[in-house]
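# Report on the structure
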Amino acid sequence: MHVIPYPTWLNPGDNTWQLVTATLVGLMSLPGIAVLYGGLVQKKWAVNTMLMAFSGFAIVLIVWVLWGFNQGFGNPIGGGGHTGISGFFHNLWGKPSPIANHAGEQNQAYLPEGTLVPFHFPTASFAYFQVVFAAITPLLFLGSVLSRMKFKAWLLFVPLWITFVYTVNAFLLWGGGWWAHKGAVDYSGGYVIHLAAGVTGFVAAWVIGPRLQRDRQHALPNSLPMIMVGAGVLWLGWNGFNGGDPFYAGVDAASAVLNTNLATAAAALTWVLMDMWFLKQRKPTLLGGVNGMIVGLVCITPGAGWVNGYGALLEGVIASAIVWVAWNHLSKVRPFNRVDDALGVVYTHGIAGLVGGLLVGFFGDPKMVEYGCSGANYTAVGKCGGFSVSGLFYGGGWHQFDWQLVAALWVIGFTAVASFVVLQVVRVITRGLREPDEVLEVGDLAIHDEEAYPEDRFAERVGAFAMAGIAVGEPSPPLASEGRQVPAGSAESSARSSASQAPEPTGGR
Amino acid sequence: MKLVVAVLKPFKLDEVKEALKTLGVQGMTVTEAQGFGRQRGHTEVYRGAEYEVDFVPKIRMEVVVDDAQADEVVDAVVRAAATGKIGDGKVWVVPVDQVVRVRTGERGRDAL
């Protein structure tokens, strides 16, 4: 007898694709963002940056399974059937609840709002796919606040931000909330992720205050090769970011992947050429190329599977040119020159996401069908839904643009205010949002006792050895006990040094 | 001629450099150095293992100046480098017998 080891609603191709794309998106965070940002900061901040990325990712996973997923994708908090302003609040958010039990993980994924075609994979696939999007968002705005935000404050800000900011935007645009009802679209998170990350980063950088003046004057990246590794992982990982969002391993997944790469290629080249033509130095730069690449990836995200290839190429060029101008010129005027957005997240994610979201209102091609057994390309098959977007250039009028604009204004306004409030709460609980200046002067070593490129010649093991196979440390050379600062009046008390002491038994720590 | 040598906190380099430029000092040589005096080193921890690092990153700055200028250069370095906290560094002055500019062969004060 032929046995199939999964439920009838499950399609192995769709399920595989969902898990693969989710993993690709996860790789964009770890190692992608971690090494990209880790390489972009000064040497003394590399460890702190990477550990913030690392811990932020872990926090969001846990929040997501315990309550966040259902806030973003569960039942509307006010129930269905409401209209007008009351409908907005009834459809603002999902009811929080965990999905960690067997049914939560293994039942067929669904949206309470309904989907055009049923999902062919379990909730675990859907939730994991969605959580890697949620998790990368704080990692993106980490780029605005790094090199001064208190580590403890970060550990608290991330879960609160996901709970009170991210899930609201996600529900409103994706989970069947109000903007989704109205027809605003966001294919893979140009608004929910990138615009929100840009806005949050900017607000948080303003609230937390700038990096040390000295750090800003010496803010050279510590490793361009590491930046290139992170950038490459981001680009190809984005095949999952946009390719997974149709939720079927079908035609539109393929279109979305190709369009993503087209827009990115166009945007990266646009930035490099603009550097060569318009910058004072007239030279192509690697970091300019990386900026352009990110802008391309971000700008195609709100419409990856709804525009055609020409639309994707044009979006890449337009967005890259706009963000290039913003990066080089808007950054010199208020309020942008008053806020230390360390890595410029408000430009490469905020403005790029906004531009991409609005461009869907122009380039949406109704013949690019996201789901479909019906629609222009599926005339022969029975009806089971079909979804596409009609922009201004394809006979759709201004309708789509209008809703894209309204949704963007919502995301900007809500995210800014809510992030501000959450930061004030965090400030009270963690007694401040910044590390003290004397810690900032040192960086990684002061916060973590680790540095990115340790110098082994000057380091000497002390204390008991945690692992077998290594003999107890030799006593330090005599000079180690001399001249070290000793609290006034105390003897040379440090047990960690000195040739005068006999070799200690283990346990010197 | 005198050789003024200073071991300084790295982040003070910019201020010291500017102070000496103001005095008309034409150039200097800087190396990254590791050292310790009364400043306590630090501990690093990797995978649970504790390491003591007595040496602290420093900048070693060297500048050769005319005898008459040595004192004001030393004063300027001290003023610019001081934070008042332990580990600010040292400045010392040694006599120099001869200086030659490699490009032209000029000697002595002309080579400064």
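Residues numbered from 1 in each chain as written. Chains lettered and ligands numbered in written order. Predicted model: local features only at pLDDT ≥ 70, side-chain atom pairs only at ≥ 80, totals over all residues.

Attention shifts here to the overall build of chain B. Across its full length, chain B holds two helices and six strands. Mapped from its N terminus to its C terminus, chain B presents α and β elements in the order β-α-β-β-β-β-α-β. Taking 2.2 N^0.38 as the reference for a compact globule, 112 residues should give roughly 13 Å; the C-alpha atoms of chain B span a radius of gyration of 17 Å, well beyond that estimate. Dimensions of chain B along its principal axes, counting C-alpha atoms only, are 60 × 30 × 20 Å. For chain B, with 112 residues in total, the buried portion stands at 24%. Put simply, of all contacts in chain B between residues at least 6 apart along the chain, 70% involve residues at least 24 apart. (Helix = DSSP H or I, 4+ residues; strand = E, 2+ residues; numbered from the N terminus. Rg over C-alpha atoms; globule rule 2.2 N^0.38 Å. Buried ≥ 20, exposed ≤ 12 C-beta atoms within 10 Å, placed from the backbone. Contact = placed C-beta atoms within 7 Å.)

The number of helices and strands found in chain A is 17 helices and one strand. Of all 509 residues assigned to chain A, the portion counted as buried reaches 50%. Contacts in chain A between residues at least 24 apart in sequence constitute 76% of all its contacts with a sequence separation of at least 6.

Each partner contributes residues to the interface: chain A has 20 residues there, and chain B has 22 residues. It is strand β1 (residues 459–462) of chain A that contributes the most residues to the side of chain A that touches chain B, four residues altogether.

Attention now goes to the pairing of strand β5 (residues 56–65) of chain B. Residues and elements named next belong to chain B. Pairing analysis gives seven bridges linking strand β1 (residues 2–8) to β5, with the strands arranged antiparallel. The partner of Val-5 across the bridge, within β5, is Glu-62. As paired strands, strand β2 (residues 29–35) and β5 are joined by seven bridges and run antiparallel to one another. The partner of Val-30 across the bridge, within β5, is Met-61. (Pairing = 2+ DSSP bridges.)

So, on to the sheet that holds β1(B). Residue and element names in this part refer to chain B. If you trace the four strands from one edge of the open sheet to the other, you get β2-β5-β1-β6, paired in antiparallel fashion. Of all strands in the sheet, those with a lone pairing partner are β2 and β6 (89–95), marking the two edges. Direction aside, neighbouring strands of the sheet carry axes that sit 20° apart on average. Relative to the sheet, helix α1 (residues 13–22) contacts β1, β2 and β5, its axis offset from that of β5 by approximately 10°. Seen against the sheet, helix α2 (residues 67–81) touches β1, β5 and β6 and runs at an angle of roughly 5° to β1. (Axes fitted to C-alpha atoms, helices over the stretch in contact; angles between N-to-C directions.)

Our focus in this paragraph is the confidence of the model for chain A. Taken as a whole, chain A shows an average pLDDT of 88; of its residues, 86% reach a score of 70 or greater. Per-residue pLDDT stays below 50 along residues 474–509 of chain A; that stretch engages in 45 contacts with residues further than four places along the chain or on separate chains. (pLDDT = per-residue confidence, 0-100.)

The next thing to look at is the nonpolar core. Core analysis: the largest hydrophobic core is formed by 146 residues, its most contacted members being Tyr37(A), Ile136(A) and Cys299(A). Those residues in contact with Cys299(A) that lie beyond four places of it in its chain are Ala263(A), Ala267(A), Glu315(A), Gly316(A), Ala319(A), Ala352(A), Val355(A), Gly356(A) and Leu359(A). (Core = buried A, V, L, I, M, F, W, Y, C linked by C-beta atoms within 7 Å.)

Taken together, the three strands give an open sheet; going across it, the order is β1(A)-β4(B)-β3(B), and neighbouring strands pair in antiparallel fashion. Strand pairing shows two members of the sheet lacking a second neighbour, β1 of chain A together with β3 (42–46) of chain B, which therefore form its edges. Here the strands of the sheet are splayed against their neighbours by 35° on average, with no regard to which way each runs. Relative to strand β4 (residues 49–53) of chain B, β3(B) runs antiparallel, the two being bridged by five bridges. Bridge assignment links His42(B) to a residue of β4(B), and that residue is Val53(B).

Right, let's talk about the environment of Met149(A) for a bit. All names here are of chain A. Its location among the elements puts Met-149 in the loop between α5 (123–145) and α6 (151–173). Met-149 sits in the buried class, given 24 other C-beta atoms within 10 Å. Sequence separation between Met-149 and Ile-208 is 59 residues, and the spatial gap between their C-alpha atoms is 7.0 Å.

Moving on, we get to the confidence of the model for chain B. Residues and elements named next belong to chain B. Mean pLDDT over chain B: 93, with 100% of residues reaching 70 or higher. Taken element by element, the predicted model of chain B shows its lowest mean pLDDT in β4 (89) and its highest in β1 (97). Interface scoring of the predicted complex returns ipTM 0.82; its pTM is 0.87.

Our next topic: unusual backbone geometry. With an omega of 10°, the peptide bond between Leu30(A) and Pro31(A) qualifies as cis. Mapped onto the secondary structure, Pro31(A) falls in helix α1 (residues 12–40). In this structure, Pro335(A) follows Arg334(A) across a cis peptide bond, with omega equal to -5°. Of note, Pro335(A) is situated in the loop between α13 (309–328) and α14 (345–363). The backbone phi angle of Ser147(A) is positive, close to 70°, even though this residue is not glycine. Mapped onto the secondary structure, Ser147(A) falls in the loop between α5 and α6. Residue classification places Ser147(A) among the buried residues on the basis of 22 C-beta atoms within 10 Å. One non-glycine residue with positive phi stands out, namely Arg47(B), at about 55°. Mapping Arg47(B) onto the fold places it in the loop between β3 and β4.

Further remarks concern the environment of Val389(A). Residues and elements named next belong to chain A. Mapping Val-389 onto the fold places it in the loop between α14 and α15 (399–429). Taking the C-alpha atoms as reference points, Val-389 and Leu-358, separated by 31 residues in sequence, lie 13 Å from one another. When neighbours within four sequence positions are excluded, Val-389 is seen to be in contact with Val-185, Trp-306, Val-360, Gly-364, Pro-366 and Gln-400.

This next bit is on the packing of helix α8 (residues 190–208) of chain A against α15(A). Residues and elements named next belong to chain A. Relative to each other, α8 and α15 sit at 40°, their axes nearing to 9 Å. Relative to α15, the element α8 lies oblique. As for the relative orientation of α8 and α15, their crossing is right-handed in sense. Residue-level inspection shows Tyr-191, Leu-195, Ala-196, Val-199, Thr-200, Val-203, Ala-204 and Val-207 of α8 in contact with α15, the latter providing Ala-407, Ala-408, Val-411, Ile-412, Thr-415, Ala-416, Ser-419, Phe-420 and Leu-423. Counted by class, the contact of α8 with α15 contains 14 nonpolar, three polar and no charged residues. (Parallel < 35°, antiparallel > 145°, perpendicular 65-115°, else oblique. Left-handed = near helix turned anticlockwise from the far one by under 90°. Nonpolar A, V, L, I, M, F, W, Y, C, P; charged D, E, K, R; others polar.)

Right, let's talk about α2(B) for a bit. All names here are of chain B. Between its first and last C-alpha atoms α2 spans 22 Å; for 15 residues at 1.5 Å apiece the expected length is 21 Å, and the two agree. When α2 is considered as a whole, its buried residues turn out to be Val-73, Ala-76, Val-77 and Ala-81. Down the axis, α2 shows its buried residues gathered within 110° of arc, on one side only. The outward face of α2, more than 90 degrees from its buried face, is lined by the exposed residues Ala-68 and Arg-79. (Expected span 1.5 Å × (residues − 1). Arc of directions from axis to C-beta.)

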